[in-house]
Amino acid sequence: MESTVNLPNKSTIKAQTTSAGTSNSPATEVNEIRQTLDGYVLHPAQYSDNAAGLKLSDDGKHILIPQPTDSPEDPLNWSPSKKAITLIIIGYIAALADYTGGTAIITVIPQSSEWNMTAAAVQKAVVGNIFAIGACGLFAVAFANYFGRLPVTLVFLASFFATSVWSATATSFESYLAARILNGFFCSVGQGGALMWIKDLYFFHEHPRAINWVELPIITSPYLGRLITAFIVSGTTWRWAFWLCTILGGIALILTVCFLDETLYARSISQLERVLNGSRIQRLVGIGQARSLHRRSLTESLMRPIVCIIKLPVLLTIIYYFLNFAWVIGVNTTVSIWLTQFYGFTPRGIGYFYFFGIIGPLIGWFAGHWLHDTVGSLYAHRHNGHIDPEARLIIAYPATALLFIAVVIIGFALEHHWHYMVLAVFSAVQTVGAMIVTTAINAYLLDCYPEGSGEVGAWVTASRNWSGFMATFIQIEWVTSAGPATAFGAQAGITAGSIIVLVILQLYGKKLRKRQGRMVFSSEEWSDRAYLF
């Protein structure tokens, strides 16, 4: 295994200009694409020249991958405070999708009474919304790679705001159903696109912690939505739950207009060729991006998610995540029914119960804040400073074990009507495992395919929500007909079986990545690929 990966490539040579302004030269460029295939080398001591001429982290311990340009417009060069504000806003926007989805689950009962329908019929709006949330990210990242991150986020948020108003004012189920499906299609712009913002802003060694921060509000949000909505419907009309969603969407719009900035930056363009991206208003509406970015065709941008999913490491990771997160959502969407049926909970009591969905992800985030970096550091120490993307998956094994144990205990607790605190504790344990797994697989896929950061993140979001789409359809009938212990036992078996996918990725992931190569989104990149390989 090579420990020195300091190779120039064609795009690097293109980026070299005269002394009038260049960012990186072939002698100082870290070949990020090559490192995605051979593994990352972060420590300066592992380079033959002790990383002479390469830019390092402030503490001098890490090579900066990718190497930033010398331009202050490069998002990698933004101040820590500006990066932190951007990450917080993206996390907030990302939480809106599942928060509103969680809201709609609790409002089913009062809506069914108002419209003289069965709860199962009204539940169709929930299912349609969940499916649309999964699809949203795939379109959002495709458009964001063509028009820019900022204008696409603004348009999607404005549409989310409008459809939230529509949801709150719908006077018939048909109108409400249409509002929820359209709301789902626009609300996941932050969740589906979170990984591309992280890749734009942060260096390789910073990715796991940044992902962990963003995933906390995402994993917490559906439980928070149910918790707050349970209190709302116990004291007033269900419509106020969606007015609150509207208010939250309005806050996201204000934050975007006032603080969010464009992070799509073509590092391969030399300073001599670069055009300033205009005023803030121009960046908000996309004019600045049209001037400063060398766009490819819209068709190529729309094809990017397809190019992404045909990579076997991506597909296998998505399958693994689907097989695990389905039962997290299955518990989440149906536990209120079992609490009402078996334990006589009131809506307010259900609201209190959903605190498990806040505590669990917090524990998972707190543990992951150190665990992900620690596992990576230990792996690098044992491999001469070399980190393969597959190292990110090591932590997923114990996290999957937590998911398995939690599902088994929840099944027995419901079967034998154990104390509801057993349900609460192991539902929280399940979310701890889900939090750790989610960060691990996002970090793994981002390490594998940094050129497709938005696309891999969008597929993770699609997998999470489409697994929920499936679980929402089958969970109630399955548990009712087979019994909780049998149904949840089968789900635990599926969770255990998913470890086979992890083993395949650990043993053969690197070979698969090398065989299939990096993601190539255009004919120009095909010529670069021929040069590189």
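Treat the numbers as computed from the prediction; the structure is a model and nothing was measured. (Residues numbered from 1 in each chain as written. Predicted model: local features only at pLDDT ≥ 70, side-chain atom pairs only at ≥ 80, totals over all residues. Heavy atoms only, no water.)

Peer 1: Would you take a moment to explain the pattern of salt bridges for this structure?
Peer 2: Two side chains that carry opposite charge are able to pair once their charged atoms sit near each other. Counted according to the given criterion, the structure contains 11 salt bridges. A salt bridge links Asp 373 to Arg 209; the nearest nitrogen and oxygen atoms lie 2.9 Å apart. Here Arg 209 lies in helix 9 (residues 207–233) and Asp 373 lies in helix 16 (residues 356–382), a separation of 164 residues in the sequence. We classify Arg 209 as partly exposed; its relative accessible area is 32%. (Salt bridge = Lys/Arg side-chain N within 4 Å of Asp/Glu carboxyl O. Helix = DSSP H or I, 4+ residues; strand = E, 2+ residues; numbered from the N terminus. Buried < 20%, exposed > 50% of the residue type's maximum accessible area, 1.4 Å probe, protein only.)

Peer 1: So what exactly am I meant to see when it comes to the packing of aromatic side chains here?
Peer 2: Between two aromatic rings, the relevant description is the distance of the centres plus the angle of the planes. Applying the stated rule across the entire model yields 32 aromatic pairs. With centroids separated by 3.9 Å and ring planes inclined at 20°, the aromatic side chains of Tyr 40 and Phe 204 adopt a geometry described as stacked. One end of the pair, Tyr 40, is in strand 1 (residues 40–41); the other, Phe 204, is in the loop between helix 8 (189–201) and helix 9, with 164 residues separating them in the sequence. You can call Phe 204 buried: its relative accessible area is 3%. With a centroid separation of 5.9 Å and an interplanar angle of 75°, the aromatic rings of Tyr 176 and Trp 238 are classed as edge-to-face. With a gap of 62 residues between them, Tyr 176 in helix 7 (residues 173–187) and Trp 238 in the loop between helix 9 and helix 10 (239–259) connect regions that are remote in the sequence. Among the residues examined, Tyr 176 registers a relative accessible area of 1% and is labelled buried. According to the relative accessible area criterion, Trp 238 is buried, its value standing at 3%. Taking the ring centre of Trp 78 as reference, the NZ or CZ of Lys 82 above it sits at 4.0 Å. (Phe/Tyr/Trp six-rings, centres within 6.5 Å; stacked < 30°, edge-to-face > 60°. Lys NZ or Arg CZ within 6 Å of the ring centre and 35° of its normal.)

Peer 1: Any chance you could explain the nonpolar core here in plain terms?
Peer 2: If you look at soluble globular proteins, the nonpolar side chains tend to sit buried side by side. Ranked by size, the top nonpolar core spans 127 residues in total, and within it Tyr 176, Ile 198, Val 314, Phe 353, Tyr 354, Val 456 and Met 519 carry the most contacts. Ranked by residues supplied to this core, first place goes to helix 18 (residues 420–448) with 15 residues. Setting aside its immediate chain neighbours within four residues, Val 456 contacts Leu 195, Cys 308, Val 314, Leu 445, Leu 446, Tyr 449 and Met 519. Membership of the second largest hydrophobic core comes to 13 residues, among which are Tyr 40, Val 41, Leu 42 and Tyr 47. (Core = buried A, V, L, I, M, F, W, Y, C linked by side-chain atoms within 4.5 Å. Contact = heavy atoms within 4.5 Å.)

Peer 1: So what exactly am I meant to see when it comes to the side chain of Asn 465 here?
Peer 2: In this structure, Asn 465 sits in helix 19 (residues 453–482). By relative accessible area, which is 4% here, Asn 465 ends up buried. Not counting the four nearest positions on each side in its chain, Asn 465 is found in contact with Asp 98, Ile 130, Ile 133, Gly 134 and Gln 191.

Peer 1: Would you take a moment to explain the environment of Val 375 for this structure?
Peer 2: One can find Val 375 in helix 16. Of the residues examined, Val 375 reaches a relative accessible area of 18% and is grouped as buried. Along the primary structure Val 375 and Ile 395 are separated by 20 residues, whereas in three dimensions their C-alpha atoms are 7.3 Å apart. If we ignore the near neighbours within four places in the chain, the residues touching Val 375 are Ala 391, Ile 394 and Ile 395.

Peer 1: Can you help me understand helix 18 in this one?
Peer 2: For the α-helix, the turn length of 3.6 residues means that residues three or four positions removed from each other point alike. With 29 residues, helix 18 should reach 42 Å at 1.5 Å per residue; the first-to-last C-alpha distance of 42 Å fits that figure. Across the 29 residues that make up helix 18, a large majority, 23, are buried. (Expected span 1.5 Å × (residues − 1).)

Peer 1: So what exactly am I meant to see when it comes to the packing of helix 5 (residues 119–147) against helix 6 (residues 149–169) here?
Peer 2: Angle between the axes and distance between the axes are the two parameters that describe a pair of packed helices. Put simply, helix 5 and helix 6 touch, their axes get as near as 7 Å, and they point 140° apart. Comparing their axes, helix 6 and helix 5 come out oblique. With respect to the hand of their crossing, helix 5 and helix 6 are arranged in right-handed fashion. Residues Cys 136, Ala 140, Phe 143, Ala 144, Asn 145 and Phe 147 of helix 5 pack against Arg 149, Pro 151, Val 152 and Phe 156 of helix 6. Residues that form the contact of helix 5 with helix 6 fall into these classes: eight nonpolar, one polar and one charged. (Axes fitted to C-alpha atoms, helices over the stretch in contact; angles between N-to-C directions. Parallel < 35°, antiparallel > 145°, perpendicular 65-115°, else oblique. Left-handed = near helix turned anticlockwise from the far one by under 90°. Nonpolar A, V, L, I, M, F, W, Y, C, P; charged D, E, K, R; others polar.)

Peer 1: I tried to follow the environment of Arg 149 on my own but got confused; where do I start?
Peer 2: Within the fold, Arg 149 resides in helix 6. On the basis of relative accessibility, which here comes to 5%, the residue Arg 149 falls in the buried class. When sequence neighbours within four positions are dropped, the list of residues in contact with Arg 149 reads Ala 144, Met 196, Trp 197, Asp 200, Glu 262, Thr 263 and Leu 264.

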